[in-house]
Amino acid sequence: MSTLKVNTIQEADGTAFPFIGMLDTYMLNATTTFANDTETTIDSGFVRASTLLSTTGNIGTGVTKSGSNFSFPSTGIYQIVWRPILAATNGNAARYSAARMYATTDNSSYSQVAEGNGSSPAMGNSSFSYSAPMAKYHFDVTDTSTHKVQFRFINDQSGSIIGGSSAVYTYATFIKIGET
């Protein structure tokens, strides 16, 4: 069996090899309620996971959050994953739920760039039925002052988006996978 051990990987010209230059996770730290059939933008309750969980690791500077907008620390191509956990109340079936990601390249006009869909069965006499849709997107950030993302969700039943401070439930991850 062979073993390969390295401290750094560089391009032939001595520059850093362009992969996974940053890893960051934000999590919702409290459960909050929402209305049915209303697209909701997450603008509060998101915190960097490493501030609550000592076992969560980050690489690099990480993204910053202002209101509902997430900004990037450097240019590059980022893989972004958004996964809310939605709970419809009274055990009602959610015919549809969606995790939606919006992006801007002009620091103003946000457009939907990704969506993940789900549904949840009726749980009979249970208090909640759960759905965990996931949206994934590769965002080419060519200007850190204008390229930003927002996270939204919708569910056809009123209920709660699940958060917590002792485990990651609803989350967004950002991984820089290469240079632009």
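In this text, all values refer to a predicted model and were calculated from it rather than measured experimentally.

S.K.: Help me get a handle on the sheet that holds strand β7 (residues 76–83), residues and values and all.
M.R.: With respect to topology, five strands assemble into an open sheet ordered β4-β1-β15-β7-β12, the strand pairing being antiparallel. Whereas interior strands pair on both sides, the edge strands pair on one side only; in this sheet they are β4 (46–48) and β12 (135–141). With direction set aside, neighbouring strand axes in the sheet form an average angle of 25°. Here strand β1 (residues 22–28) runs beside β4; their pairing, made up of three bridges, is antiparallel.

S.K.: Any details on the nonpolar core? Residues and values, ideally.
M.R.: Soluble globular proteins: nonpolar side chains tend toward being buried together. Ranked by internal contacts, the top residues of the largest apolar core, which has 26 residues, are Phe72, Ile80, Trp82, Val149, Phe151 and Phe174. Going through the elements one at a time, β1, β7, β9 (94–104), β12, β13 (148–155) and β15 (171–178) are the ones with two or more residues in this core. Sequence-distant contacts of valine 149, that is, excluding residues within four places in its chain, are made with Ser68, Asn69, Phe70, Phe72, Ile80, Tyr102, Ala103, Tyr110, Phe139 and Phe174.

S.K.: Any chance you could break down the packing of aromatic side chains for me, citing the residues and the numbers?
M.R.: What the rule picks out here adds up to 15 aromatic pairs. Ring geometry for tyrosine 137 and phenylalanine 139: centres 5.9 Å apart, planes at 40°, overall tilted. For phenylalanine 139, a relative accessible area of 4% corresponds to the buried category. These aromatic residues form a ring-pair network of at least three members: Tyr26, Phe46, Phe70, Phe72, Tyr78, Trp82, Tyr137, Phe139, Phe151 and Phe174. Here the basic side chain of arginine 152 rests over the ring of tyrosine 102, its NZ or CZ set 3.6 Å away from the ring centre.

S.K.: Which residues make up unusual backbone geometry, and what values do they have?
M.R.: The phi angle of most residues is negative, glycine excepted, and most peptide bonds adopt the trans form. Residues other than glycine seldom take positive phi values, yet asparagine 107 does so here, at roughly 60°. Turning to its location among the elements, asparagine 107 is positioned in the loop between β9 and β10 (111–120).

S.K.: Give me the lowdown on the pattern of salt bridges, citing residues and values where you can.
M.R.: Per the stated rule, a full pass over the model turns up five salt bridges. Glutamate 115 is the partner of arginine 100 in a salt bridge, and the nearest nitrogen-oxygen pair spans 3.1 Å. With a gap of 15 residues between them, arginine 100 in strand β9 and glutamate 115 in strand β10 connect regions that are remote in the sequence. With a relative accessible area of 18%, arginine 100 lands in the buried category. Judged by relative accessible area, glutamate 115 falls into the partly exposed class, the value being 35%. Put simply, glutamate 179 and lysine 176 hold a salt bridge, and the shortest N to O gap is 3.3 Å. Salt bridges sharing common partners tie together Glu39, Arg100, Glu115 and Arg152.

S.K.: Let's hear about the pairing of β1: which residues, and what values?
M.R.: For β1, a buried count of six out of seven residues is recorded, marking the element as mostly surrounded by other parts of the structure. In this sheet, β15 lies alongside β1 in antiparallel orientation, the contact comprising six bridges. Across the sheet, the residue bridging to methionine 27 is tyrosine 171, located in β15.

Cut-offs applied
- Here the residue numbers are simple positions, counted from 1 along each chain's written sequence.
- Residues qualify for local features only when their pLDDT is at least 70, as the model is predicted, and side-chain atom pairs are given and counted only at 80 or more; totals for whole chains, interfaces and linings, by contrast, use all residues.
- Derived side-chain values reflect all non-hydrogen atoms in the structure, with water molecules and hydrogen atoms excluded from consideration.
- Here, a strand pair is defined by DSSP locating no fewer than two bridges between the strands.
- Elements are defined by DSSP. Helices are runs of H or I of four residues or more, strands are runs of E of two residues or more, and each kind is numbered from the N terminus.
- With axes taken as lines fitted to C-alpha atoms, and helix axes fitted only over the stretch in contact, angles between N-to-C directions fall between 0 and 180 degrees.
- Only buried residues count toward a nonpolar core, which is a set of Ala, Val, Leu, Ile, Met, Phe, Trp, Tyr and Cys residues joined through side-chain atoms within 4.5 Å.
- Only protein chains enter the area calculation, which uses a 1.4 Å probe; residues under 20% of their type maximum are buried, those over 50% are exposed, and those in between are partly exposed.
- Whether two residues are in contact is decided by their heavy atoms: any pair within 4.5 Å suffices.
- For this analysis, a ring pair means two rings from Phe, Tyr or Trp (six-membered ring only for Trp) whose centres lie within 6.5 Å, classed as stacked if their planes differ by under 30 degrees, edge-to-face if by over 60, and tilted for the remaining angles.
- Charge over a ring is defined by NZ of Lys or CZ of Arg lying within 6 Å of the ring centre and within 35 degrees of the ring normal.
- Salt bridges are counted wherever a side-chain nitrogen of Lys or Arg sits within 4 Å of a carboxyl oxygen of Asp or Glu.

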